[in-house]
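Remarks on the overall topology
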Amino acid sequence: MVQERVVHVQLVGGDSVPVNVDANMTAGDLKRELGFDEREFIVRVNNVTLRDHERILNYVMSDRDTVEILPVTDVGRVSRNFLTGEERFRQEDTLLRRIGFGRIGERRYVAAARACGRIFRIYVTLPETFPYSRPVITIDDRWFAGRHRCIIDRGNEIEVHFHDSDWEPWMHAHHLALNALRFLNSIGRRDPLWWALERLAGFSHR
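What you see is a predicted model; the values in this text were computed from it and never measured.

A word on the overall build of the protein. When its secondary structure is counted, the protein shows four helices and 11 strands. When contacts within the protein are restricted to residue pairs at least 6 apart in sequence, long-range pairs at least 24 apart make up 50% of them. In the structure as shown, the protein presents an accessible area of about 11400 Å², 48% of it carried by carbon and sulfur atoms.

Overall, the prediction assigns the protein a mean pLDDT of 81, with 82% of residues at 70 or greater. The least confident element of the protein is helix α4 (residues 192-200), whose mean pLDDT is 50; the most confident is strand β9 (residues 136-139), at 96. Across residues 74-80, where pLDDT falls below 50, the model places 25 contacts with residues more than four positions away in sequence or in other chains. Taken as a whole, residues 201-206 scores under 50 in pLDDT and shows 14 contacts with residues more than four places along the chain or in a different chain.

Turning to helix α2 (residues 85-98), a few remarks are in order. Between its first and last C-alpha, α2 extends 20 Å over 14 residues, near the 20 Å set by a 1.5 Å rise per residue. Of the positions making up α2, those classed as buried are Arg88, Phe89, Gln91, Glu92, Asp93, Thr94, Leu95 and Leu96. Just downstream of α2, Gly100 is the residue with a positive phi angle, here 105 degrees.

As enumerated under the stated definition, the model contains four aromatic pairs in all. When the ring of Phe120 is compared with that of Phe144, the centres are 5.4 Å apart and the planes differ by 70 degrees; the resulting orientation is edge-to-face. Placement of Phe120 in strand β8 (residues 118-125) and of Phe144 in the loop between β9 and β10 (151-153) is noted, with a sequence separation of 24 residues between them. Here the two residues Phe120 and Phe144 agree in accessibility, since each one is buried. A centroid spacing of 5.9 Å and a plane angle of 40 degrees characterise the contact between Phe130 and Trp167, whose relative ring orientation is tilted. Of the two residues, Phe130 is situated in the loop between β8 and β9 and Trp167 in the loop between β11 (158-160) and α3 (173-187); the sequence distance between them amounts to 37 residues.

Turning our eyes to something else, we now look at the sheet that holds β8. Strands sit in the order β6-β7-β8-β9-β11-β10 across an open sheet of six strands; the sheet is antiparallel. One side of each edge strand has no neighbouring strand; the edge strands of this open sheet are β6 (102-103) and β10. Sheet analysis places β9 next to β11, joined by two bridges and oriented antiparallel. By the bridge assignment for β11, Ile139 is matched with Ile158. Helix-sheet contacts for α3 involve β7 (108-115), β8, β9, β10 and β11, and the interaxial angle to β8 is about 150 degrees.

This paragraph deals with the environment of Asn24. Here Asn24 is to be found in the loop between β2 (16-22) and α1 (27-33). The spatial distance from the C-alpha of Asn24 to the C-alpha of Gln3 is 8.7 Å, given a sequence separation of 21 residues. Those residues within four positions of Asn24 in sequence are excluded, and the remaining contacts are Asp29 and Arg55.

The rules behind each value
- Numbers given for residues are sequential positions, taken from 1 along each chain in its written order.
- Reporting of local features is limited, given that this is a predicted model, to residues whose pLDDT is at least 70; pairs of side-chain atoms are given and counted only at 80 or more, and all residues count toward the totals for whole chains, interfaces and linings.
- Values reported for side chains reflect all heavy atoms of the structure, with hydrogen atoms and water molecules removed beforehand.
- Runs of H or I in DSSP of at least four residues are treated as helices and runs of E of at least two as strands, each being numbered from the N terminus.
- The criterion used for residue contact is that any of the two residues' heavy atoms lie within 4.5 Å.
- All accessibility values rest on the Shrake-Rupley procedure with a 1.4 Å probe; residue burial counts only the protein chains present in the view.
- Per residue, pLDDT measures the predictor's confidence, with a range of 0 to 100.
- Expected helix span is computed as 1.5 Å times (number of residues minus one).
- For every residue, the accessible area obtained with a 1.4 Å probe (protein chains only) is divided by the maximum for its type, and the residue is called buried under 20%, exposed over 50%, and partly exposed between those limits.
- Each pair of aromatic rings taken from Phe, Tyr and Trp, with Trp reduced to its six-membered ring, is defined by centres within 6.5 Å and is described as stacked if the planes are under 30 degrees apart, edge-to-face if over 60, and tilted in the remaining cases.
- When DSSP finds at least two bridges between two strands, those strands are taken to pair.
- Helix axes use the C-alpha atoms of the stretch in contact, all axes being lines fitted to C-alpha atoms, and the angles between their N-to-C directions lie in the range 0 to 180 degrees.

Written as structure tokens, this is what we have:
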């Protein structure tokens, strides 16, 4: 019997998609299955970039594995390439634009986003010391303010806060933005017990 399992593939700018993967499915097959051009996208499993002929299940070990389809960047062939200076900023610009962000400043981007059934603007700001300092992710929807200790009211905007220790210089701003949206969506899936415990812990929920 052919080995088969469901893997959840994270798409750039989208939700994860469940795909039935058998023992013979290759990275190229996966891209074709989801309608992606083999020359313009790569498949990565747990941060390992697969060649088109490599079988997916050879790299999938558990339900917690990360399977991604990412665009090949215009600067450097693979988005994990470590670049600095102006080359790095051009790379980040390319990646952010490909998931729907537009540039509104020298190091600032904005996109329309959706989480918990709400539509709002999400901003990515790249500090001058980027990539050695993490990007700052903010939104303009005050409904999220106070709903978790990692959502911080900065006055005009609400920051989806990541610890500096969670950021590494080889990471990319568009991944952080997508992680922020996944986190915001998770708030809407919390059950009543979670909310009760959070209130008892002294966190404000409006």
